[in-house]
Amino acid sequence: MEAAPNTPASTPKRARTLRASHPATAFRQEPPGLSRVNFGFLTDDEVAYLKARVEDVLADYGVAILHPEAHRRFLAAGALPGRDANRIRMPRELIREAMAATPKTVRLGGKEDRFNIDLPRADRGFIMRTGTGAHGYVNPRDAKYRNMDLDAVNEIAAVANTLDEVGFIAHPFVHGVPEKTADIHSFGRLIGRTGKHIWMQPYQWENVDYLMKIAAIAAGGEDALRANPITSCITCSFTPLEFKYMDTHCILKAGEYGVPLHACSLPSSGGTAPLSVASMAIMSAAEIVGMTVMAHILSPGTPVIATPLMFTLDMRTGSALQSCVESLQAANMSIQLMKRGWGVVAHTYGSGSDTPDVDHQSMAERAWITQTVALAGADILGGVGQLECATVFSPVQAVLDNEVGAMMRRFIRKPSLDKEALNWDELMQIRTGGHFLDSAHTIATCRDQVAPRVFRRQGRDDYEKSGRRTAFDEARDAALAAIAAAPEEGLLSAEQEREIAALAARADDHIVAAYSGAVALI
């Protein structure tokens, strides 16, 4: 029997092309052809002006270098004595040679290939990393604060392993172990709990070799570590314009083991730097360029990541602030200066707050800093999960930060203006009272919207029925689920675990004895 002309059986079905949703993450690129939006305070002329001032600082005044071998090799490379005992001045030609020769790309390797990261990204996007150096931990079960310990390191790894905007993980400062070797114990624990890249942060110069050896064990040997560096190492200036023995030793060892460096400057405006946003940018750039020149002399060919971490002193309290307006302006300017002035990979705080809790202020400050730094063009946005000016870590906050990072990644992706993206032909034929709900274009592209994982989008009735659950509740549940699902035994072999434990015990005997003659817990 023939169907009536207007029945559903006689209506041809529209062909629908569905696009699978595979949003970009720390480990997945945006589709080719898309551009990144930028915002910064500096024009090209102003970048050139600040770059010249940085060279003036290094060439006309100089930096203090406390490592005798580095001081000697600087002079041999053409540096000139400064006005006091340890200070050297770097000729502009040496600065330009070093900055031109320093690699402009860097591999941050994972223990699993799927976690390898090459920077800068082909899509000009960013990766995030967890907060570092925290002494305190906010328990996700009850929101109570305690000193950071090795159990907390396990939980940080478990949560960070599930966050797809987090490209690498930094080890915190742990209690319950000898203070002088806290970095060795924390690093040794973390490297066995994640397949992601790890950021190494030595606390004593004697510790650097132990940390590098632990990384080599986890990588499968020193040659394997050089081939795919599963760790990168911080080297810091001692603001203003001084380089300690330990941080110079880090540069030497990074070259020996083939590990990338994060050249980190931490000026505090009004304290260790002038109370001026622009001067703080000059100070941090001068110290970063100085460390890069040092790496060129001591460990040529070592990749160097420019890492300005900007602070401002609160003149009412004396507290250092990372998320105040002045610090955000300085971070934006510093990233612009390093990226556009020298073309290097750049890393700074892209999350974090000056409040001690996961509260409304925290979310406002970190959303602001994420946007400010991402728009400046940073390759690495640090500070995921950190509170109280980088002294406390919260797994719940880390989950929320991952959500903000995903939104920010899409925000800086410039929307396409081509005819297909505009759905131009259909737009120009839309009938009176029409809609685009059943448009082939809508059906094909609807899954490309950013879908939140823990942020809530609900009406009042559903909100009340849920018991007024918020994004915080969702993030806490996600953190606890990640912790519960993490394997107890870790990712390394039993033999690797034994070797790392033996190295940590040897470090306790050697380093603690060298400083105090006895092993004391903190």
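Predicted model, so just to flag it, every value in this text is computed and none were measured.

Q: Quick rundown of the overall build of the protein? Include the residues and the values.
A: Each helix and strand in the protein was counted, giving 18 helices and 21 strands. Taking 522 residues into account, the globule formula puts the C-alpha radius of gyration at 24 Å, and the protein, at 25 Å, falls close to it. In terms of overall dimensions, the protein has a C-alpha envelope of 100 × 55 × 50 Å along the principal axes. In the protein, buried positions account for 52% of the 522 residues. Contacts in the protein between residues at least 24 apart in sequence constitute 74% of all its contacts with a sequence separation of at least 6. With an accessible surface of roughly 23,000 Å², the protein has 54% of that area assigned to carbon and sulfur atoms. Placing the 54 positive and 61 negative side-chain charges of the protein at their respective mean positions leaves the two points 4 Å apart.

Q: Please provide a residue-by-residue account of the nonpolar core, values included.
A: Ranked by internal contacts, the top residues of the largest apolar core, which has 144 residues, are Val54, Phe74, Leu108, Ile191, Val289, Val293 and Trp342. The element best represented in this core is helix 9 (residues 277–298), accounting for 15 residues.

Q: Lay out the packing of helix 10 (residues 325–342) against helix 11 (residues 360–376) with the relevant residues and their values.
A: Close contact between helix 10 and helix 11 brings their axes to 8 Å; oriented N to C, the two are set at 20°. When the interaxial angle is binned, helix 10 and helix 11 end up roughly parallel. Judged by the sense of rotation from one axis to the other, the crossing of helix 10 with helix 11 is right-handed. On helix 11, the residues that touch Val325, Leu328, Ala331, Asn332, Ile335 and Gln336 of helix 10 are Trp368, Ile369, Thr372, Val373 and Ala376. Within the contact of helix 10 with helix 11, the residues separate by chemical class into 8 nonpolar, 3 polar and no charged.

Q: Report on the environment of Phe74, specifying residues and quantitative values.
A: Among the secondary structure elements, Phe74 is positioned in helix 2 (residues 68–76). Under the relative-accessibility criterion, Phe74 is labelled buried at 1%. For the pair formed by Phe74 and Leu94, sequence separation is 20 residues and the distance between their alpha carbons is 9.9 Å. Beyond its immediate sequence surroundings of up to four residues, Phe74 is in contact with Ile65, Ala79, Ile88, Met90, Gly290, Val293, Met294 and Ile297.

Q: Can you lay out the packing of aromatic side chains for me, pointing to particular residues and giving the numbers?
A: Two aromatic rings, taken as a pair, are described by how far apart their centres are and by the angle between their planes. Counted under the stated rule, the structure contains 6 aromatic pairs. Seen from their ring centres, Trp205 and Tyr245 are 5.4 Å apart, and the 70° between their planes marks the pair as edge-to-face. With Trp205 in the loop between strand 10 (197–200) and helix 6 (207–219) and Tyr245 in helix 8 (residues 245–257), this pair connects stretches of sequence that are 40 residues apart. Positioned above the aromatic ring of Tyr49 is the side chain of Arg53, whose terminal nitrogen or guanidinium carbon lies 4.7 Å from the ring centre. Lying over the aromatic face of Tyr515, Lys180 brings its terminal NZ or CZ to 4.7 Å of the ring centre.

Q: Any details on helix 8? Residues and values, ideally.
A: Here helix 8 is 13 residues long and its end C-alpha atoms lie 18 Å apart, about the 18 Å a rise of 1.5 Å per residue gives. The element helix 8 is extensively covered by neighbouring structure, given that 10 of its 13 residues are classed as buried. Every buried residue of helix 8 is listed here: Met246, Asp247, Thr248, His249, Cys250, Ile251, Leu252, Lys253, Ala254 and Tyr257. At the C-terminal side of helix 8, Gly258 shows a positive phi close to 70°.

Q: Run through the pattern of salt bridges, naming residues and quoting values.
A: Taken as a whole and judged by the stated rule, the model has 34 salt bridges. Linking Asp56 and Arg92 is a salt bridge whose minimum nitrogen-to-oxygen distance equals 2.7 Å. Residue Asp56 is located in helix 1 (residues 44–61), and its partner Arg92 is located in helix 3 (residues 92–101); the two are separated by 36 residues in the primary sequence. For Arg92, a relative accessible area of 25% gives the class partly exposed.

Q: Give a description of the side chain of Glu155 that names residues and reports values.
A: Tracing the backbone through its elements, the reader meets Glu155 in helix 4 (residues 150–160). Discounting residues that sit within four places of it in the chain, Glu155 has contacts with Tyr137, Pro140, Arg141 and Ile483.

Q: Go over the pairing of strand 11 (residues 231–236) with me, naming the residues and quoting the values.
A: For strand 11, the tally of buried residues reaches 6 of 6 residues, placing the bulk of the element in the interior. Burial of strand 11 is two-sided: the residues Thr231, Cys233 and Thr235 facing one way and the residues Ser232, Ile234 and Cys236 facing the other way are all buried. Across 3 bridges, the pairing between strand 10 and strand 11 is parallel. From the neighbouring strand, Trp199 faces strand 11, where its bridge partner is Ser232. Here strand 11 runs beside strand 13 (residues 261–265); their pairing, made up of 4 bridges, is parallel. What sits directly across from Cys236, in strand 13, is Cys264.

Calculation rules
- Residues numbered from 1 in each chain as written.
- Predicted model: local features only at pLDDT ≥ 70, side-chain atom pairs only at ≥ 80, totals over all residues.
- Heavy atoms only, no water.
- Helix = DSSP H or I, 4+ residues; strand = E, 2+ residues; numbered from the N terminus.
- Rg over C-alpha atoms; globule rule 2.2 N^0.38 Å.
- Buried < 20%, exposed > 50% of the residue type's maximum accessible area, 1.4 Å probe, protein only.
- Contact = heavy atoms within 4.5 Å.
- Areas by Shrake-Rupley, 256 points an atom, 1.4 Å probe, with all protein chains shown as cover.
- Lys, Arg positive; Asp, Glu negative; His and termini not counted.
- Charge placed at Lys NZ, Arg CZ, Asp CG, Glu CD.
- Core = buried A, V, L, I, M, F, W, Y, C linked by side-chain atoms within 4.5 Å.
- Axes fitted to C-alpha atoms, helices over the stretch in contact; angles between N-to-C directions.
- Parallel < 35°, antiparallel > 145°, perpendicular 65-115°, else oblique.
- Left-handed = near helix turned anticlockwise from the far one by under 90°.
- Nonpolar A, V, L, I, M, F, W, Y, C, P; charged D, E, K, R; others polar.
- Phe/Tyr/Trp six-rings, centres within 6.5 Å; stacked < 30°, edge-to-face > 60°.
- Lys NZ or Arg CZ within 6 Å of the ring centre and 35° of its normal.
- Expected span 1.5 Å × (residues − 1).
- Salt bridge = Lys/Arg side-chain N within 4 Å of Asp/Glu carboxyl O.
- Pairing = 2+ DSSP bridges.

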